[in-house]
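Here's the letter readout for the chains.
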Amino acid sequence: MRSHRKIGVGYLLSRLLLLILLAATFFPVLMMINMSLKPNVMIVNDFLGLPEKIYWINFQKAFHFVIRPIFNSMFVCLISLILILIVVALSGYTFGRMEFKGRKFLYTLVLAVMMIPYTLLIIPSYNIVNGMHLLNTFWALIIPYVSGQQIFGIILAEAFYRSLPNDMFEAARIDGAGEIYAFAKIAVPLSKPILITVGITAVVAMYNDYIWPTVAITGGDEMKTFCQIVFNNAAGKGATDMGLIAAAFLIGTVPLLVATSSCLKYYVQGMMVGAVKG
Amino acid sequence: MKKSIHAKLLPYLFLTPTLILMAVFSYYAIGNAVYTSFTDSAFGVSSRMVGFTNYIAAFKDEMFLTSFKNQAIITVTAVFNSVFFPLLASEILFFIKHKKVASFFKTAFVIPMLIPQIVTILIWKYLYNPNFGFNSILRALGMGGLTHNWLNEKSTALICIILIGFPFISSMYFLIMHTGLNAIGDELYEAAIVDGATSMEVVRYIHLPNIKSYIKVVVTLSLIGSLSGFGLIAATTGGGPGYSTMIPALQMYKIAFGDGKFGYASALGVVLFIVIILLTLASRKLLGEEE
Amino acid sequence: MKRRNRAISLLLATAMTLSMVLSGCGNSASDGGQNAGGAKSAQPDTAASAAAPAPADGTEAAWDTGKEDTIILSVINNFYTAGEKKLAEEYMKLHPETKVVVDVISDNDAYLTKMVTSLSDDKKENAPDIVHGNFVGMALTNNSMDLAVDKGYLYDMTEMLDEENPYNGNAKVADVFETDDLTRVLSNSGGKYRPYLPFDKIGFAFFYNKNIFEEHNIQVPETYEEVVEVCQKLKDAGYDVPLSAGYESFRLGNTLADAIYRAKEEEFLIQPEDALWDETTMASNKDFKFDEAQPNCDQFCVLSPERMLKYGIENGVDTPENKAMWTEFQKLGQYFPKNWIAAESTQCIADFESQISPMLYQASFNAGLILSDINQLSGDMAFEWATFQINSFENPPEGFQKDLRSYWDFGNIMSIIHKEDSDHMARVKDFYKFWYSPQGAQLCYEETLTNGNYVQGPCVIKGVTLSEELEGILAGFEPVAPSKEWNSITGLERSNQADIPKFNDAVIRYTNKEIDVDGLLKELNPIYSNYNQDAKTAGGYDLDPATDDTPKE
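Residues numbered from 1 in each chain as written. Chains lettered and ligands numbered in written order. Predicted model: local features only at pLDDT ≥ 70, side-chain atom pairs only at ≥ 80, totals over all residues. Heavy atoms only, no water.

1. Structural notes on the overall build of chain C
Worth spelling out the cut-off: Per the convention used, a helix needs a DSSP run of H or I reaching at least four residues, while a strand needs a run of E reaching at least two, with both numbered from the N terminus. For a compact globule the rule gives 2.2 Å times the number of residues to the power 0.38, and the radius of gyration it is set against comes from C-alpha atoms. For every residue, the accessible area (1.4 Å probe, protein chains only) is compared with the maximum for its type, and the residue is labelled buried under 20%, exposed over 50%, or partly exposed between those bounds. What makes two residues a contact is simply this: any of their non-hydrogen atoms within 4.5 Å. Calculation of accessible area relied on Shrake-Rupley with a 1.4 Å probe; when residues are assessed, cover is drawn exclusively from the protein chains displayed. The positive count covers Lys and Arg only, the negative count covers Asp and Glu only, and His and the chain ends enter neither. The location of each charge is read from NZ of Lys, CZ of Arg, CG of Asp or CD of Glu.
For chain C, the helix and strand inventory stands at 21 helices and eleven strands. The globule rule puts the C-alpha radius of gyration for 553 residues at 24 Å, and the 25 Å found for chain C is close to it. C-alpha atoms of chain C, sized along the principal axes, occupy 70 × 60 × 55 Å. Sorting the 553 residues of chain C into buried and exposed places 59% on the buried side. Nonlocal contacts in chain C, meaning residues at least 24 apart in sequence, comprise 76% of its contacts between residues at least 6 apart. Just so you have it, chain C exposes about 21,700 Å², and 48% of that area is on carbon and sulfur atoms. Here chain C carries 47 positive and 90 negative side-chain charges, and the mean point of each set is 6 Å from the other.

Structure (structure tokens):
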């Protein structure tokens, strides 16, 4: 039970600050909705203005080309996500809670991967995927994504698992539990918030990536991912159709939104559990 | 406690997927880059070893050196923004009494994360447009003298790039800070309340010490992210005007795929890689090593 | 909790159903003005919509019809993509054993990345088959498509021109093209090969806001001096940026350069004693001297890249001629937007459409877009507009000829990637012939327009007709005569990617009057020299036109 807070100046100021921050954070979302309902030339001429007549054409056009790519992207993101979470949990736990020779060295190796500039990875990755004859398949996207996104997840997970109090694990060990049990039954359930954080960030990054799919997919429109298709249809020489982009991204964000909101529920649950145990 | 062979090997087993993926996709690439950096490899020509020629040229390259200066400014501010604003928002949320209200705000802060960067860029580009955006507001307020061609003037371009994305809350870092704050045990907090601590004291003496590990993670990730990403600058100023907003990663990309000079680009990449390693190690030392 | 999730799912389902319904109706007849022709309906004026080309009777396939294969056509968005998809569809009906995939890529940078990446592997197994050849040239130094052929990337179509086109009643492939266009291909590529065939032409013109001109009593300018005057008048009337221009303004620079250098054009043509000399195609080069009375007199001439490179290396970029060109350019350049070199076309077009700039210098490939955009403006945002071209000086300055020729050159440049498998190449060539036949090109154009996209310019394949309105608009971009490209000598668009920021910086400081023309040329010299050295090394030029050159391996 929290004690009753006095309504002081600090209280009001902090609430006001919060609202301002929220408004500033949410402004792009509102603008995006506004843009999606106006033709591009009106966006250019009168950016902030409300649409004088709601322009549904953007959504109509967007629906024509965005549905299949959304499924493509979702498929890629889902498979990648599952693989990423598995790898992140395993490796994060290993680095965070297990003692073994070379732990610091291997961890530094992992950390170093994140520092490799992206440009250097494009051609080698292409050659590898080409060599595996996976070019122009979804695996050409999934495998490099897992390889790339796992890193920051491992860093996060390592910090988290390390911060878990030791008594939980001691108690289990005294009861005779093995490492695998400790991992699967104790560590993983507690790490839901971290895994969800990793999951959301990774999915957003993969969903919105567009350079790698352009290089690795040589097929027609039915193979393209979401981001690619949007730019293919809405951007171009001097002809960026902002209204179309906004509409397409709004549609595309819906699946992400649904997934994220349902996950945030587990996120809160997971944190409560952790807090009580602490 | 003696460990069985099985237990000894287990860590390595767990790490196998990660290590294999890393070796194939990342270490092969950096190895390839290091090798290429010692050649004059270019698109359409076979390469010969040229020793340190590329590296010498890199250190004489005025644009490359300036780009590191720009990068320093961008990275310092990026790291600060990634720590300060999410922490600020998380703190304020922490002290909200009604859990439902706090939960609503948290969701509201997370949702814009799903918006792709390109939309944010488009909006900020509009705001910086010399004929609209901020300039219109300034003129309406009678401060027409303060108007600038924000992205096209050397004096303002870099600062404007840094400000894109304000208030920097809608990100993974916010989720991390939020997790961190809530992971601190309730008893500490309640003990403080009993002792009559104010909010500011709670923040200073309970929160900050206990989320140090999370702050360290955020610093590391945002440091690396800032040093590697170039999409934002490529889409807004392309490194201009002149090279006042050029960063190493962007220059490297342009040389590799614009000129096809793989050898030189790889050398630039290796230099950048080393700089990132040094900076990351330095920052971790600064923030204190863990056990 | 469960209730909330169910509510969300319900909302999602409703949203999707609603949008399916909405997109179901209002499908074909898109909003007025989406069509480049400005016609409200989507159908062009020509009688029946185009039929797909069909092979002449008795044509035998040059490949194994029992085997399946895939050919990939890699294009940038807005380059007739809808038309090409339709062509692919129709071709597959004729030849089910060949799958034609149209791989659309959103912009130039991504396209270049993809080209460089997929061609970095020597075997080129998974590289696309039909590509924008000029990008491959761009990735090699000196923008040289000839070099791309020498190195085995691009396929030389010279022989193909003599082959029969089964989709044009077995006439020769070359028959649908004008001879000067084919010569132009040769000249543009470097004088040795024909790595692509002509498809369309693009040009540049000045767009102007009729309402503003009327309001300030301004006549449409006809000479270069008059345009400059008009800009000053508009500036005095309060328009900060009288002429909205972007990166494309280099074409204007080339127009001015053309008025200087064509007087000594013969120095840069392939001569009979050169290694590249070919009697059949270069006869016009013999004893050539530019005749001002006939501005088209050099349309059959072939430029020599080696001679131009030699001139460039020997003289640098700060020559009196270049100085004159830049000085003249500045008279108009001072009215450009502040950072015009880096300005995107979107920005420039936006400034014109929002009436901030009364004039705009833009290309024919954006004419359709501008047309449809302005048609959608209403109330006091709407305005009338038209285009004009500048064809001459009133009093040409010293060193300049009177007539001004503008850019009128090929827009859509599609090449074939050279692969070892002859069966595969036969299929690719067959599809190319299908596309570059009168019916194929017609289908391509019409399908593009029907889909609400815009065409780049008029088609150069004989037998393709467009609606009168569209032809009328596009005619406004054709100059009195096409200019030749002097960029190798002026240094415009001739800098390495790495040097572009320095190049842009110098030019901007010049148009902003921070440095003078001598300062500009001094700064451009090292950049120009870098580029030329790279070009010389990559092409293996020995700077002696009489001898053969071996490109660096």
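Structure's up, so let's keep going.
2. Details of the interface of chain B and chain A
Quick note on the threshold: By definition, the buried area sums, over both parts, the 1.4 Å-probe accessible area that each loses when the two are put together. Basic side-chain nitrogens of Lys or Arg form a salt bridge, by our definition, when they fall within 4 Å of a carboxyl oxygen of Asp or Glu. What qualifies as a polar contact is a pair of N or O atoms within 3.5 Å, subject to a donor-acceptor requirement within protein and to the restriction that residues adjacent in sequence count only when both atoms come from side chains.
Counting residues at the interface gives 89 residues for chain B, matched by 93 residues for chain A. Around 8,300 Å² of area is buried between chain B and chain A when both sides are counted, 78% of it from carbon and sulfur atoms. Together, Phe14(B), Phe25(B) and Leu114(B) form the three largest contributors to the area buried by chain B at its contact with chain A, with a combined 10%. Scanning the region where chain B abuts chain A turns up zero salt bridges. There are five residue pairs in polar contact (both at pLDDT 80 or more) connecting chain B and chain A.

3. A few points about unusual backbone geometry
The linkage connecting Phe166(B) with the following residue, Pro167(B), adopts the cis geometry, with an omega of 0°. Relative to the helices and strands, Pro167(B) resides in the loop between helix 7 (154-163) and helix 8 (172-183). Notably, Asn217(C) is not glycine yet its phi reads approximately 60°, a positive angle. Structurally, Asn217(C) is set in the loop between helix 8 (210-215) and helix 9 (224-236). By relative accessible area, which is 64% here, Asn217(C) ends up exposed. A positive phi is found at Leu543(C), a non-glycine position, where the angle reads about 60°. With respect to the helices and strands, the residue Leu543(C) is situated in the segment after helix 21 (517-539).

4. Section: the pairing of strand 8 (residues 359-363) of chain C
Residue and element names in this part refer to chain C. As a reminder of what qualifies: For two strands to be treated as a pair, DSSP must find no fewer than two bridges joining them.
Burial runs high along strand 8: five of the five residues are buried. A two-sided burial pattern is seen for strand 8, the buried positions comprising Met 359, Tyr 361 and Ala 363 on one face and Leu 360 and Gln 362 on the other. Sheet analysis places strand 6 (residues 201-209) next to strand 8, joined by five bridges and oriented antiparallel. Opposite Phe 206, over in strand 8, you have Tyr 361 as the bridge partner. Where strand 7 (residues 243-244) meets strand 8, two bridges bridge the pair, whose relative direction is parallel. Bridge pairing in strand 8 links Leu 243 to Met 359.

5. Considering the interface of chain C and chain A
Accessible area lost upon the coming together of the parts serves often as the stated size of an interface. Each partner contributes residues to the interface: chain C has 48 residues there, and chain A has 42 residues. Summed over both sides, the interface of chain C with chain A buries roughly 3,900 Å², with 58% coming from carbon and sulfur. The tally of links between chain C and chain A comes to one salt bridge. A salt bridge links Lys224(A) to Asp103(C), with the nearest nitrogen and oxygen atoms 2.4 Å apart.

6. Remarks on the packing of helix 2 (residues 53-60) of chain B against helix 14 (residues 262-286) of chain B
Residues and elements named next belong to chain B. Using the following cut-off: A fitted line through C-alpha atoms serves as each axis, taken over the contacting stretch for helices, and the angle formed by two N-to-C directions is quoted from 0 to 180°. Working rule for angles: under 35 degrees goes down as roughly parallel, over 145 as roughly antiparallel, 65 to 115 as roughly perpendicular, anything else as oblique. What makes a crossing left-handed is the near helix being turned counterclockwise from the far one by less than a right angle; a clockwise turn instead makes it right-handed. Polar here means any residue outside two lists: the nonpolar Ala, Val, Leu, Ile, Met, Phe, Trp, Tyr, Cys and Pro, and the charged Asp, Glu, Lys and Arg; Gly therefore counts as polar.
Relative orientation of the contacting elements helix 2 and helix 14 amounts to 70°, with a least axis distance of 9 Å. The orientation of helix 2 with respect to helix 14, classified from their angle, is roughly perpendicular. For the pair helix 2 and helix 14, the sense of crossing is right-handed. For the pair helix 2 and helix 14, contact is made by Asn 54, Tyr 55, Ala 57, Ala 58 and Phe 59 and by Gly 263, Tyr 264, Ala 267, Leu 268, Val 270 and Val 271, respectively. Partitioning the contact of helix 2 with helix 14 into residue classes produces nine nonpolar, two polar and no charged.

7. Some remarks on a nonpolar patch on the surface
Residue and element names in this part refer to chain A. Put simply, the rule reads: Put simply, a patch holds well-exposed residues, over 30% relative accessible area, that have no salt bridge, with like charges counted together within 9 Å and Val, Leu, Ile, Met, Phe, Trp or Tyr side chains within 5 Å.
Residues Leu 78, Ile 82, Leu 83, Ile 86 and Trp 139 make up a contiguous nonpolar surface patch of about 470 Å² in total accessible area. In terms of residue count, helix 3 (residues 57-97) provides more of the nonpolar patch than any other element does, four residues in total. The topology assignment puts Leu 78 in helix 3.

8. Some words on helix 17 (residues 438-450) of chain C
Residue and element names in this part refer to chain C. Let me state the cut-off plainly: Take the number of residues in a helix, subtract one, and multiply by 1.5 Å to get its expected span.
With 13 residues, helix 17 ought to run about 18 Å at 1.5 Å a step, and its terminal C-alpha atoms sit 18 Å apart, in line with that. Counting buried positions over the 13 residues of helix 17 gives ten, a clear majority of the element. For helix 17, every residue scored as buried is listed here: Pro 438, Gly 440, Ala 441, Gln 442, Leu 443, Cys 444, Tyr 445, Glu 446, Thr 448 and Leu 449. Close packing links the buried residues of helix 17 with helix 2 (81-94), helix 16 (422-435) and helix 18 (468-475). Phi for Gly 452, located one or two positions after helix 17, is positive at around 80°.

9. A word on the UniProt feature "transmembrane region" (unreviewed entry) in chain A
The test is simple: UniProt positions are given in the numbering used here, feature names are shortened, and annotations may be inferred rather than shown by experiment.
Within the UniProt annotation, "transmembrane region" (unreviewed entry) is assigned to residues 12-33, 70-93, 105-126, 138-161, 182-207 and 244-268 of chain A. Note that residues 70-93 of chain A is 100% helix and 0% strand, and that its end C-alpha atoms are spaced 33 Å apart.

10. Remarks on the pattern of salt bridges
Residues and elements named next belong to chain C. Applying the stated criterion to the full structure yields 35 salt bridges over all chains. Between Arg 184 and Asp 409 there is a salt bridge; the shortest N-O distance is 3.2 Å. Here Asp 409 lies in strand 10 (residues 408-410) and Arg 184 lies in helix 7 (residues 179-189), a separation of 225 residues in the sequence. By relative accessible area, Arg 184 is classed as buried at 9%. A relative accessible area of 8% places Asp 409 in the buried class. Taken together, the shared-partner salt bridges in this structure form one network comprising Asp 258, Arg 262, Glu 292, Asp 298 and Arg 405.

11. Focus on the environment of Val79(B)
Residue and element names in this part refer to chain B. Within the element layout of this structure, Val 79 appears in helix 3 (residues 62-94). On the basis of relative accessible area, Val 79 is assigned to the buried category, the value being 15%. Between the alpha carbons of Val 79 and Ser 228 there is a distance of 13 Å; along the sequence they are 149 residues apart. Excluding its chain neighbours within four sequence positions, the residues that come into contact with Val 79 are Val 219, Ser 222 and Leu 223.

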